[in-house]
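Examining the three-dimensional arrangement
Spelled out, the chains give:
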Amino acid sequence: MFLTLTLLRKGIPGKQWIGKYRRPRPITWQMTRNTLKHLEREAENEYWISRPYMTPEQEYCHAAERRAQNWLKIKEAKFAKFPEHKHISDHLSHLNITKTWSS
């Protein structure tokens, strides 16, 4: 039965590029070239990552002052949008009807 199915099958069942019985893609020279370029780029990145720019002693608290300045800028920007303080007399001034013009 399986031999008959194999011999009489005309093609790949379903979609030809996905699934268990998919058609394998031929590997071209462009694919090989792109893979090699990718591996070379990865190797160069690993090379530069393995050599730190600063020692751990230099890196410790090197950006504390810059971070403090940035935090002050953010805080000032937040307070710049904050509305002015209002007193209770400003809110209740419309109730002050007993005052006369002369006094």
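How each quantity is defined
Residues numbered from 1 in each chain as written. Predicted model: local features only at pLDDT ≥ 70, side-chain atom pairs only at ≥ 80, totals over all residues. Heavy atoms only, no water. Helix = DSSP H or I, 4+ residues; strand = E, 2+ residues; numbered from the N terminus. Buried < 20%, exposed > 50% of the residue type's maximum accessible area, 1.4 Å probe, protein only. Areas by Shrake-Rupley, 256 points an atom, 1.4 Å probe, with all protein chains shown as cover. Phe/Tyr/Trp six-rings, centres within 6.5 Å; stacked < 30°, edge-to-face > 60°. Expected span 1.5 Å × (residues − 1). Patch = residues over 30% accessible without salt bridge, like charges linked within 9 Å, V, L, I, M, F, W, Y side chains within 5 Å. Salt bridge = Lys/Arg side-chain N within 4 Å of Asp/Glu carboxyl O. pLDDT = per-residue confidence, 0-100.

This brings us to the overall build of the protein. Along the backbone of the protein there are five helices and zero strands. Secondary structure elements of the protein occur, N-terminal to C-terminal, as α-α-α-α-α. Taken over 103 residues, the protein has a buried fraction of 1%. Carbon together with sulfur atoms contributes 61% to the accessible area of the protein, which is approximately 11400 Å² in total.

On to the packing of aromatic side chains. Considering all chains together, one arrives at one aromatic pair under this definition. Summarising the aromatic geometry, the rings of Y47 and W48 are spaced 5.0 Å apart at their centres and angled 75 degrees between planes, so their arrangement reads as edge-to-face.

Taking 1.5 Å of rise per residue, the 17 residues of helix 4 (residues 64–80) would be expected to cover 24 Å, and the 24 Å separating its terminal C-alpha atoms lies within 8% of that figure. Along helix 4, only zero of the 17 residues are buried, which leaves the element largely exposed.

Attention now goes to a nonpolar patch on the surface. Together, W71, L72 and I74 give the surface a local cluster of nonpolar side chains, amounting to about 320 Å² of exposed area. With respect to the helices and strands, the residue L72 is situated in helix 4. On the accessibility criterion, L72 (38% relative accessible area) is partly exposed.

What follows concerns unusual backbone geometry. Peptide bonds are mostly trans, and most non-glycine residues show a negative phi. With a phi angle near 60 degrees, C61 is a residue other than glycine that sits in the positive phi range. Its location among the elements puts C61 in the loop between helix 3 (56–59) and helix 4. Judged by its relative accessible area of 53%, C61 is exposed.

This prediction gives the protein a mean pLDDT of 87; 89% of its residues lie at or above 70. Highest mean pLDDT in the protein belongs to helix 2 (residues 29–49) (97); lowest belongs to helix 1 (residues 2–8) (66).

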